[in-house]
Each structure stands twice: as C-alpha cells, then as structure tokens.
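Now for the letters of each chain:
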Amino acid sequence: MTTEEMLKKVRKIEIRTKALSHQIFAGEYHSAFKGRGMAFSEVREYQYGDDVRNMDRNVTARMSSPYVKVFEEERELTVVLLVDVSRSGLFGTRAETKRERLAEIAAVLSYSAILNNDKVGALFFSDRVEKFIPPGKGRSHLLHIIREMLELQPSSDGTDIGAALQFLTGALKKKCTAFLLSDMLDVDSGGNPRYEDALKIAAGRHDLSVIKVYDPRERGIVPMGLVHIKDSETGRSAWVNTDSRKMRSAYAEWFSDISRKEQRLFNRYHIDNVEVATDADYVKALLSLFSKR
C-alpha cells in the first residue's frame, strides 16, 4: 500500500468513525464509562458525619484538631485498546477481514474517548507485544493510533492474549478502561482458553471489556469436496473431506465448545463482552455492550 493509499484509507476511517462517535456513541460512551475512581481533592476540618476512615492523621496531629481527606470522582479516564494483529485476523469471506473490522471498531472507541476528553493508548499484539502507544490526547495522537492499526506489520504470526494482558497489568499501575479486541482464537489442544490467569489479574485491576470479532464462515464448514486447508498461524496443513457430514458436525461442535468455555470465563470474572461478525452492524453490538454497564 502506497503512502497516498494509506492516507486515503486513514481519512475514510476518520470520517466514518468521527461521525458515528458524534452522532451515536458520545452520550452512551460517557454514561457507560464515566470516571469511577476517587481522587484526593483537599483536607478540611472534621465535620459531624464524616467517615473517620478518611482521617488525615498527620494534619490532625499538627493542628491538634481532627482533619479529614476529601475525595472527588475522577472524570478523566485512561482508555487502552488491546488490538489483536495476529495472522488469523487476515481471514475474511465477506466485505472485510477480521482485522479491518477490529481496526474500525477500535477507531470508533478512540474517537468516543477523545470526545469525552479521555486519554487513549493502544497495545498491538500477536504472540508477543508488537507495539505499545502510551495513552495521550488530541487528533494527531488519535490518527497515529489509526495509522498503526492499518499499516503495522507484525513480526510474528501467532496469538498470545495472556502476554498482552500481562503487559497491560505491568505497564499501567493505575486503573484504566481497557478494551480487548480479538477473534479470541487462543486455546490449547482441549479447546480451553490459554489466557485465564492473565485475564483474571487484568480484570481485577482494570475495567476490562472484550469485543470478539469473527467471520461467519469460521463457525461451520460448507461442503465443497476435498479441500486443502492451512492454519495461518502455525503453518500446519491437511486435506479435509468437507462432504463428510460427520467431519462438519465435529468441527461445528469444536467451535461451539470453544465459545462456551470462553463465555464461562467471562462470566466467572464479570467481564462485559460482545461478539461482532464481519458482515454484521457493529453499531448495535457496541450499543449493547454499553447498555450492559
């Protein structure tokens, strides 16, 4: 892709996502993700009814009368987008690949955050952290994130969601609002999510939501005779008889089992989540995610 083509694509995404953020998401985003932390504001003399747990012992000792700390709600959020750029994201049988859909959703969330005067950062990952853009504000910062979403060439093909979540936990000590955008295809040989421990820790420290993007063709195999298939991340390949009803049924059950285990994990750690197909309207999905909060 040439520089001119890249700029045109960035501009196209900017125009569409900016309009959506202004017209649809600004109010819903603000209501769903308004500041939840409490920041220290000032110290004042104790008044009847104040919580004694907020007593400032140092000031009280110096002034020889009780003083308490006053806190106020933090309005400004720090938003971090964890964007999956592994090779499986290049799959697509509709108008967009999974990675293209992820990029547009991430751009909408970024614009919504900027409209809310929040800081936005991005973490791009495969089976390693490919790039981390620290949270910042402003249009130029936002466009930098969008450009990276479109042009970043990952150094690895695989997926390690746990590594991305561990990096988030280590990089941001203060609580943030984090969106994990991925196809979530990171399981062991038994179809169990490999990222449970990291997910548990990250969800306990941050306000984490998951946006899963999938291609409808991934959920079932169409009978097309003998087909040569290849795993885009591992490189493993095999010939498969797609006319076999037994094989198609086994595949569909395998995929459904992965989804069930994934959802149980989200429920266990109280993680808001939503699924978006590459041929579906993601606006409804995002509004559904916001309404859960």
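Further up the page is the structure itself.
Report follows, based on the coordinates. Here the structure is a predicted model, which is why all the values come from computation and not from measurement.

Looking now at the side chain of His-141. Checked against the element boundaries, His-141 lands in helix α4 (residues 139-151). With relative accessibility at 14%, the residue His-141 sits in the buried group. Excluding anything up to four places from it in sequence, His-141 contacts Val-120, Ile-133, Pro-134, Pro-135 and Gly-136.

This structure, assessed with the given rule, holds 16 salt bridges. Two residues, Asp-51 and Arg-53, come together in a salt bridge whose shortest N-O distance is 2.8 Å. By relative accessible area, Arg-53 is classed as exposed at 71%. A salt bridge links Glu-218 to Lys-98; the nearest nitrogen and oxygen atoms lie 2.5 Å apart. Remark: Lys-98 occurs in helix α3 (residues 98-115) and Glu-218 occurs in the loop between β7 (207-214) and β8 (226-230); sequence separation between them is 120 residues. Just as Glu-218 is buried, Lys-98 falls in that class too.

What follows deals with α3. The end-to-end C-alpha distance of α3 is 26 Å, a good match for the 26 Å that 18 residues give at a rise of 1.5 Å each. Where burial is concerned, most of α3 is hidden: 15 out of the 18 residues are buried. Where α3 ends, the next residue or the one after it, Asn-117, has phi of about 65 degrees, a positive value.

The strand order across the open sheet formed by six strands is β5-β4-β3-β6-β7-β10, and the pairing between neighbours is mixed. The sheet terminates laterally at β5 (129-136) and β10 (272-277), the two strands that pair on one side only. Put simply, the sheet's adjacent strands are angled 15 degrees from each other on average, direction ignored. Bridge count between strand β3 (residues 78-84) and strand β4 (residues 119-125): seven bridges; the pairing is parallel. Bridging across to β4, Val-80 finds its partner in Gly-121. Along the sheet, α4 contacts β3, β4 and β5; its crossing angle with β5, the most-contacted strand, is approximately 165 degrees. Docked against the sheet, helix α8 (residues 282-291) engages β6 (177-182), β7 and β10, running at close to 175 degrees with respect to β10.

Calculation notes
Residues numbered from 1 in each chain as written. Predicted model: local features only at pLDDT ≥ 70, side-chain atom pairs only at ≥ 80, totals over all residues. Heavy atoms only, no water. Helix = DSSP H or I, 4+ residues; strand = E, 2+ residues; numbered from the N terminus. Buried < 20%, exposed > 50% of the residue type's maximum accessible area, 1.4 Å probe, protein only. Contact = heavy atoms within 4.5 Å. Salt bridge = Lys/Arg side-chain N within 4 Å of Asp/Glu carboxyl O. Expected span 1.5 Å × (residues − 1). Pairing = 2+ DSSP bridges. Axes fitted to C-alpha atoms, helices over the stretch in contact; angles between N-to-C directions.

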